[in-house]
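# Results of the structural survey
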Protein chains: 2
Amino acid sequence: MSPKHSVSQDGAGRILAAAILLFGEHGVRGTTLKAVAAEANVSQALIVHHYGTKEGLRAACDEYVADAIRERKEETLAAEPQLDPLMALRHLEHGRPLLRYLIRTLTEGGSHASELIDGMVDDAEHYMAQGERDGVIKSSEAPRDRAALLVIWSMGALALHEHVERLLGVDFLAADAPPESLQRYLRPAIELFMHGLMEENSFDSLAGFLGDTEAPDATKTNHDDKK
Amino acid sequence: MSPKHSVSQDGAGRILAAAILLFGEHGVRGTTLKAVAAEANVSQALIVHHYGTKEGLRAACDEYVADAIRERKEETLAAEPQLDPLMALRHLEHGRPLLRYLIRTLTEGGSHASELIDGMVDDAEHYMAQGERDGVIKSSEAPRDRAALLVIWSMGALALHEHVERLLGVDFLAADAPPESLQRYLRPAIELFMHGLMEENSFDSLAGFLGDTEAPDATKTNHDDKK
DNA sequence: AGACTGACTGAATAAACAGTCAGTCATCAA
DNA sequence: TTGATGACTGACTGTTTATTCAGTCAGTCT
């Protein structure tokens, strides 16, 4: 029920750390228990002894990572309202392996990841409502959806960190890197958030994308059960 | 050298379609040749006969998907400048399985995906430069980085389509769905692109994120060869 | 007809895999 | 000292995996 809050040096702890590392790097399916055992310098049988099955090990990893992030969140939450959930995530304790693991669960599904994202959206919505009251954030027609969009963009960029690094030279996974190293990501982002992307008078050319200009619902609601 | 441009009904074609479907759904490692053979209604040995190895099959899938997207791109490219590469992608021929496969290669690496993304950034940069000349797009201090950021956000949202669906009720993978169904994604996005997120006078509170307020280069250029 | 090609198959194979088992070793309480 | 507990291991097992092999069969040139 109460997992240890830092991976210790005993067998069980080393196994967990090795599993998070390898699961994050090659995926769960791409990682063998033998490889985990080798990485942790224990026998394969010890993994089963502690965690039962491979799925059990995966569940333990999920729980540990979720705990670590929750813990970190509570620390930074009081400090300063984060513009971006990425910021908070970048300073995790065992950053790189943990983030890699998180990305896997983010893209490959899993209820833990969903709860995490939902929590981030809640936070973002809350912070932006506060910012709106303080006069620094603009109001929105759909504040909840806007918060969701921003979180998704942030976490999506994290999921594509490989391409972010290639295109912008920014390594999201470097836990120790100084904030200046994020410049080429943050500068255009802030530019967009400050001034927008389009000139105000260019609304017409975009109206088409929404079908109707204003009405949120259309006449034909098509329920297409696929297959 | 010249792969067929639509999956035909002969063995090789059915195998390719089955592989794209299953690789996209369960990942390459999570898919057995036996499963592909069953899905395609052929013998396992026929897969090897046509594609040599599992990796050969994967490469053929990569090439087919890349071709399909390139083809689609050339079609829509002349028609209208796309605000968002997502738009173009949503109308692929065999949409759902193809997009699933694309997402896999996007997150799990692969040179094909990198080339694809780079091409999208090129296009976005070009279109926005045109829009700037036409007076509908605002100028940027770093147009290339801005284009990269927008593409990354778009494709990142695609990678997290599962969460987009849960949070916004928008299914990116539904190829036939009408554009209205994207409203809850597009509306806050356009809102942000039109008006921005923050009030103009709130610059101070953000300056910290960039270290220096304006200078793009600092005194200490840190070349940190990682590792 | 006969030689040849390429799509296609069932059966076999060797490796890799997750999980089992019997038992060693240290610690600690009685 | 004894006996129990739990971390830990090497050797084993049954299954699944990709890949190989030895062919069959339908067509197509000569």
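Preceding this section is the structure that the text describes.
Keep in mind it's a predicted model, so treat the numbers as computed, not measured. (Residues numbered from 1 in each chain as written. Chains lettered and ligands numbered in written order. Predicted model: local features only at pLDDT ≥ 70, side-chain atom pairs only at ≥ 80, totals over all residues. Heavy atoms only, no water.)

### So, the relation of the copies chain B and chain A
As a reminder of what qualifies: Least-squares fitting of one copy onto the other uses the C-alpha atoms of those residues that reach a pLDDT of at least 70 in both copies. For this analysis, residues touch if any pair of their heavy atoms sits within 4.5 Å.
When chain B is fitted to chain A, the best match, at an RMSD of 0.1 Å, comes from turning it 180° and sliding it 0.0 Å along the axis. The relationship between the two copies is best expressed as a two-fold rotation axis. When the interface residues of chain B are mapped onto chain A, 97% of them again fall at the interface, so both copies present the same face.

### Focus on the interface of chain B and chain A
Going by this rule: Defined here as a combined quantity, buried area equals the accessible surface (1.4 Å probe) lost by two parts on assembly, summed across both. Each salt bridge in this description consists of a side-chain nitrogen of Lys or Arg and a carboxyl oxygen of Asp or Glu lying within 4 Å of one another. N or O atoms within 3.5 Å of each other form a polar contact, as long as, within protein, one can give a hydrogen and the other can take it, and as long as residues adjacent in sequence are counted only when both atoms are side-chain atoms. Helix and strand assignments follow DSSP, with helices taken as H or I runs no shorter than four residues and strands as E runs no shorter than two, numbered in order from the N terminus.
Counting residues at the interface gives 77 residues for chain B, matched by 81 residues for chain A. Surface buried jointly by chain B and chain A totals about 7,700 Å² across both partners, of which 63% is contributed by carbon and sulfur atoms. R166(A) is the salt-bridge partner of D118(B), the closest N and O atoms lying 2.2 Å from each other. Along the contact surface separating chain B from chain A lie 23 residue pairs in polar contact (both at pLDDT 80 or more). Residue assignment for the side of chain B that touches chain A shows that the elements contributing at least two residues are α6 (95-107), α7 (111-133), α8 (143-159), α9 (161-168) and α10 (183-195) of chain B. Ranked by residue count, the leading element in the side of chain B that touches chain A is α10(B), at 13 residues.

### Examining the nonpolar core
One recurring pattern in soluble globular proteins is that nonpolar side chains are buried together. So the rule is basically this: Take the buried residues of types Ala, Val, Leu, Ile, Met, Phe, Trp, Tyr and Cys, join any two whose side-chain atoms come within 4.5 Å, and each joined set is a nonpolar core. Think of it in three bands: with a 1.4 Å probe and only protein chains considered, a residue is buried below 20% of the maximum accessible area for its type, exposed above 50%, and partly exposed in between.
Of all hydrophobic cores here, the largest spans 138 residues; its most connected members are L57(A) and L57(B). Ignoring sequence-local partners within four residues, the contact set of L57(B) consists of I15(B), L16(B), A19(B), F23(B), L33(B), V36(B), I47(B) and Y51(B).

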